[in-house]
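# Coordinate inspection notes
For reference, the chains in residue letters:
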Amino acid sequence: DSYSLLILPGDGIGPEVMAEVRKVIDWFQANRGMRFDVSEGLVGGAAYDAHGAPLSDETMAQAQAVDAVLLGAVGGPKYDNLDFSVKPERGLLRLRKEMDLFANLRPAQCFDALADFSSLKRDVVAGLDILIVRELTSGVYFGEPRGIFTENGERVGINTQRYTESEIARVARAAFDLARKRAGRVCSMEKANVMESGILWREVVQKIHDEEYADVELSHMYADNGAMQLVRNPRQFDVIVTDNLFGDILSDAAAMLTGSLGMLPSASLGAPAANGRPKALYEPVHGSAPDIAGQGKANPIACILSFAMALRYSFAEAQAADDLEAAVEKVLAEGARTADLMGPEGGTPISTSAMGDRIIAALAG
Ligand code: NAI
Ligand code: MG
């Protein structure tokens with residue numbers, strides 16, 4: 001069995017961090033008998049420079065055909081004044097839209113060696129490992145009617161929170177499937193006390209659970225209380241599933257539980273393909289970091305952990321994913337730090353490629 005993977009390094013530090021993921025892929029092929037069928041393409045400014053569009057039709061078709069897409073980052077000052085229709089982020093938006101990636105996965109995992117980087121106290125976050133699943137393609141950001149209208153002589157800004165049963169059901173299934181590969185617990189967050197969409201959300205999530213996922217533990221929480229619980233005692237959660245708006249806010253808050261932007265992976269999943277693997281795009285949360293691009297300073301861990309997510313959620317290689325995360329943990333515990341992970345006490349940072357090499361060495365044991 002081989003895994004098909006499309007790599008889109010993109011702009012700025014994207015190619016630099018992706019080079020380290022390539023080393024990891026090569027290591028798993030050479031040492032674990034895994035076979036990856038890797039192709040590479042252009043996205044963002046790099047694609048615009050090559051053919052005048054931030055994502056070509058050929059690359060889009062390739063993305064639809066593979067098991068997983070791994071993206072670096074897009075954008076940079078060189079492209080800031082381009083017309084909106086060809087801006088680098090349009091490449092990313094096109095991928096998300098045409099692949100119909102409705103479930104956005106944002107893990108918040110706290111490595112012990114970095115617990116002091118958290119906005120919270122070490123004893124609250126040590127060992128934290130939660131996953132927020134945010135509905136990404138519907139809800140108040142897309143609902144109609146929307147616009148600024150005039151009513152009774154003054155303007156009114158309108159957005160509509162709207163969810164269909166099938167939209168709720170598919171993201172709920174994604175969350176339950178993920179929970180089965182983790183600690184087996186899902187907490188669903190909405191505001192069923194004040195929102196009609198929240199009432200429907202709670203009802204549909206409960207129904208999908210009872211009919212298809214009774215083995216997973218399900219709880220419900222109002223999203224405002226959820227925000228409070230996330231900073232009070234985040235380790236009570238395993239998987240959190242929530243709508244687009246609440247998920248946007250809760251996932252950004254959760255990111256601060258763990259520290260540096262250079263450490264945060266993400267994934268966006270769509271419907272399962274014929275082989276059972278979901279449409280999937282994996283990418284670090286950070287952008288192209290033009291301020292440090294080309295200097296060998298970027299932290300490759302966010303991108304490497306995004307690949308670990310691909311191993312776990314696209315390829316069902318849980319052991320390999322565990323081993324890769326353990327290698328990252330070990331290297332951090334040994335004190336290896338890229339510049340973004342330097343605390344006030346200082347020290348000598350290592351380069352992007354040195355960090356990649358350390359992780360490979362830790363994998364090799
Ligand atoms: P950014 O995430 O690129 O950088 C913010 C700060 O964090 C910078 O100081 C940067 O040096 C640092 N940083 C980010 N990733 C790092 C890493 N792996 N290692 C070490 N330090 C890291 O966000 P910013 O500066 O707002 O945006 C820069 C460009 O990236 C813009 O063109 C923006 O549109 C684009 N962008 C792209 C995203 C994507 O491709 N998904 C997401 C966010 C921004
Ligand atoms: Mg946000």
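Calculation rules
Residues numbered from 1 in each chain as written. Chains lettered and ligands numbered in written order. Predicted model: local features only at pLDDT ≥ 70, side-chain atom pairs only at ≥ 80, totals over all residues. Buried ≥ 20, exposed ≤ 12 C-beta atoms within 10 Å, placed from the backbone. Helix = DSSP H or I, 4+ residues; strand = E, 2+ residues; numbered from the N terminus. Pairing = 2+ DSSP bridges. Axes fitted to C-alpha atoms, helices over the stretch in contact; angles between N-to-C directions. Near = placed C-beta within 6 Å. Nonpolar A, V, L, I, M, F, W, Y, C, P; charged D, E, K, R; others polar. UniProt positions renumbered as here; feature names shortened; annotations may be inferred. Domains from an automatic or database assignment. Contact = placed C-beta atoms within 7 Å.

Quick look at the pairing of strand β10 (residues 239–242) now. The side-chain alternation of β10 yields two buried faces, one formed by V239 and V241 and the other by I240 and T242. In terms of strand pairing, strand β5 (residues 129–135) meets β10 through four bridges, oriented parallel. By the bridge assignment, R134 is partnered in β10 with T242. When strand β8 (residues 185–190) meets β10, the two strands line up parallel, connected through four bridges. In the strand pairing of β10, V186 is matched with V239.

Moving on, we come to the sheet that holds β10. As summarised here, the arrangement of the 10 strands in space is β2-β1-β3-β12-β11-β4-β5-β10-β8-β9, forming an open sheet in which the pairing is mixed. Each having just a single partner strand, β2 (35–40) and β9 (217–222) make up the two edges of the open sheet. The average angle at which neighbouring strand axes cross in this sheet is 25°, direction not considered. Two elements, strand β3 (residues 68–73) and strand β12 (residues 278–284), share two bridges in a ladder whose sense is parallel. Its bridge partner being in β12, V69 is matched across the sheet by L281.

Turning next to the site of ligand 1. The environment of ligand 1 is made up of 21 residues, and the closest members are G75, G262, H286, G287 and N299. Considered class by class, the residues forming the shell around ligand 1 number 11 nonpolar, seven polar and three charged.

In the numbering used here, UniProt assigns the feature "binding site: Mg(2+)" (unreviewed entry) to D224, D248 and D252. Over a stretch of 29 residues, the named residues converge on one spot in the fold, their C-alpha atoms separated by at most 14.4 Å. A count of 18 C-beta atoms within 10 Å places D248 in the partly exposed class.

This part covers the domain arrangement of the protein. Domain annotation for the protein reports domain 1 (1–110 + 260–365) and domain 2 (129–256). Using only C-alpha atoms to locate each centre, domain 1 and domain 2 end up separated by 26 Å. Taken together, the 17 residues of domain 1 in the interface contact 18 residues of domain 2. The set of elements that each furnish at least two residues to the side of domain 1 that touches domain 2 consists of β4 (103–109), β11 (265–272) and α10 (301–313). The dominant element in the side of domain 1 that touches domain 2, judged by the number of residues it contributes, is β4, at seven residues. Residue classes in the side of domain 1 that touches domain 2 are distributed as 11 nonpolar, three polar and three charged.

Summarising the element assignment, A68 is placed in strand β3. Taking the C-alpha atoms as reference, A68 lies 22 Å from V241; in sequence the two are 173 residues apart. With sequence-adjacent residues up to four places away left out, A68 is seen in contact with L5, A280, Y282, A310 and S314.

Another aspect to go through is the UniProt feature "site: Important for catalysis" (unreviewed entry) in the protein. Sequence positions flagged by UniProt for "site: Important for catalysis" (unreviewed entry) are, in local numbering, Y141 and K191. Position of Y141 relative to the elements: it lies in the loop between β5 and β6 (143–151). Those residues in contact with Y141, other than ones at most four positions away along the chain, are N244 and L245. One can find K191 in the loop between β8 and α7 (196–212). Ignoring sequence-local partners within four residues, the contact set of K191 consists of G198, Y222 and A223.

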